[in-house]
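# Summary of structural features
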Amino acid sequence: EAGHRIVLIALGSNWIGIDPLLKILTLNVSAGALTIIAIPLLNAIGKPNIQFILGLINILTLALLLLLLMPLYGIMGAAWALLINSSIVSILSTIPLMRILKIRLTEILESILIPLASSIAILVIGRVALKSFEPLSNPGFVLLIATLGIVYIGLIFLFGKLINSGPYSTVKTIARELTGIKI
């Protein structure tokens, strides 16, 4: 499995046991992405009271989840507590922003549709490639991961161009700034 292989290459065989933990923590970062965006926005639009309440909910929910899950599952319980907490706080931080800025749920879903579809496509392509090229050397594996990253950016651009929406405009701007070519 790719996560196992990444840990083996990056950290060595002594760290192989943290593979499941890293997977949960990676999902935690993804779940917390909305909060990372929402909290400064709430502050910028003059709603520090909502930011404060969300901070309290964050601390209290995390403490409760850690108290419940760590005694039962140890470090994996802590990882699950972080993921559940990030998911809850992300949802709760998005709701007031939607109301204040009059953003519809469909607008939010449209903005994540292309990265989500691209991620799923890369997951499928990556799994097929790993099975097709087994056994793959470590440099070959790193090359495959780098190639998948490039293909991911290409898919974001392609899907965005097809439906004229999504983060492809950011990729377009970056490409234009780096190359000087109008795309």
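Definitions and limits used
Residues numbered from 1 in each chain as written. Predicted model: local features only at pLDDT ≥ 70, side-chain atom pairs only at ≥ 80, totals over all residues. Heavy atoms only, no water. Helix = DSSP H or I, 4+ residues; strand = E, 2+ residues; numbered from the N terminus. Contact = heavy atoms within 4.5 Å. Areas by Shrake-Rupley, 256 points an atom, 1.4 Å probe, with all protein chains shown as cover. Core = buried A, V, L, I, M, F, W, Y, C linked by side-chain atoms within 4.5 Å. Buried < 20%, exposed > 50% of the residue type's maximum accessible area, 1.4 Å probe, protein only. Expected span 1.5 Å × (residues − 1). Bend = angle between axes of the 7 residues up to and from the residue. Salt bridge = Lys/Arg side-chain N within 4 Å of Asp/Glu carboxyl O. Axes fitted to C-alpha atoms, helices over the stretch in contact; angles between N-to-C directions. Parallel < 35°, antiparallel > 145°, perpendicular 65-115°, else oblique. Left-handed = near helix turned anticlockwise from the far one by under 90°. Nonpolar A, V, L, I, M, F, W, Y, C, P; charged D, E, K, R; others polar.

## Some remarks on the overall build of the protein
In terms of helices and strands, the protein carries seven helices and zero strands. Seen in sequence order, the protein has helices and strands lined up from the N terminus as α-α-α-α-α-α-α. Taking the principal axes of its C-alpha atoms as reference, the protein extends roughly 55 × 50 × 25 Å. Taking as baseline every contact in the protein between residues at least 6 positions apart, the subset at least 24 positions apart corresponds to 58%. Only carbon and sulfur atoms are counted for the fraction: they give 74% of the accessible area of the protein, which is about 12,000 Å².

## A look at the nonpolar core
Within the largest apolar cluster, seven residues are counted, these being I122, A129, L130, F141, L144, L148 and L155. Mapped onto this core, the elements with two or more residues apiece are α5 (105-132) and α6 (138-163). Here this core takes four residues from α6, the largest share from any one element.

## Remarks on unusual backbone geometry
In this model, E134 is joined to P135 through a cis peptide bond whose omega is -15 degrees. Tracing the backbone shows P135 in the loop between α5 and α6.

## Description of helix α4 (residues 48-101)
Taking 1.5 Å as the rise per residue, α4 with 54 residues should run 80 Å; its terminal C-alpha atoms sit only 15 Å apart, a clear shortfall. Considering bend angle alone, the principal kink of α4 is centred on Y73 and spans about 150 degrees. At the C-terminal side of α4, K102 shows a positive phi close to 55 degrees.

## Things to note about the pattern of salt bridges
The tally for this structure, following the rule as stated, stands at one salt bridge. Here K23 and D19 are joined by a salt bridge, their closest N and O atoms 3.4 Å apart. Of the two residues, K23 and D19 are both situated in helix α2 (residues 19-31); the distance of four residues between them amounts to about one turn of the helix. Since its relative accessible area comes to 33%, K23 is described here as partly exposed. Given a relative accessible area of 9%, D19 falls into the buried group.

## Details of the packing of helix α1 (residues 2-11) against α6
Two elements in contact, α1 and α6, have axes separated by 11 Å at closest approach and are oriented at 120 degrees. Judged by the inter-axis angle, α1 sits oblique to α6. Along this stretch, α1 crosses α6, giving a crossing that reads as left-handed. For the pair formed by α1 and α6, the contact residues are A2, R5, I6 and I9 on the first element and N138, F141 and V142 on the second. In the contact of α1 with α6, the residues fall into five nonpolar, one polar and one charged.

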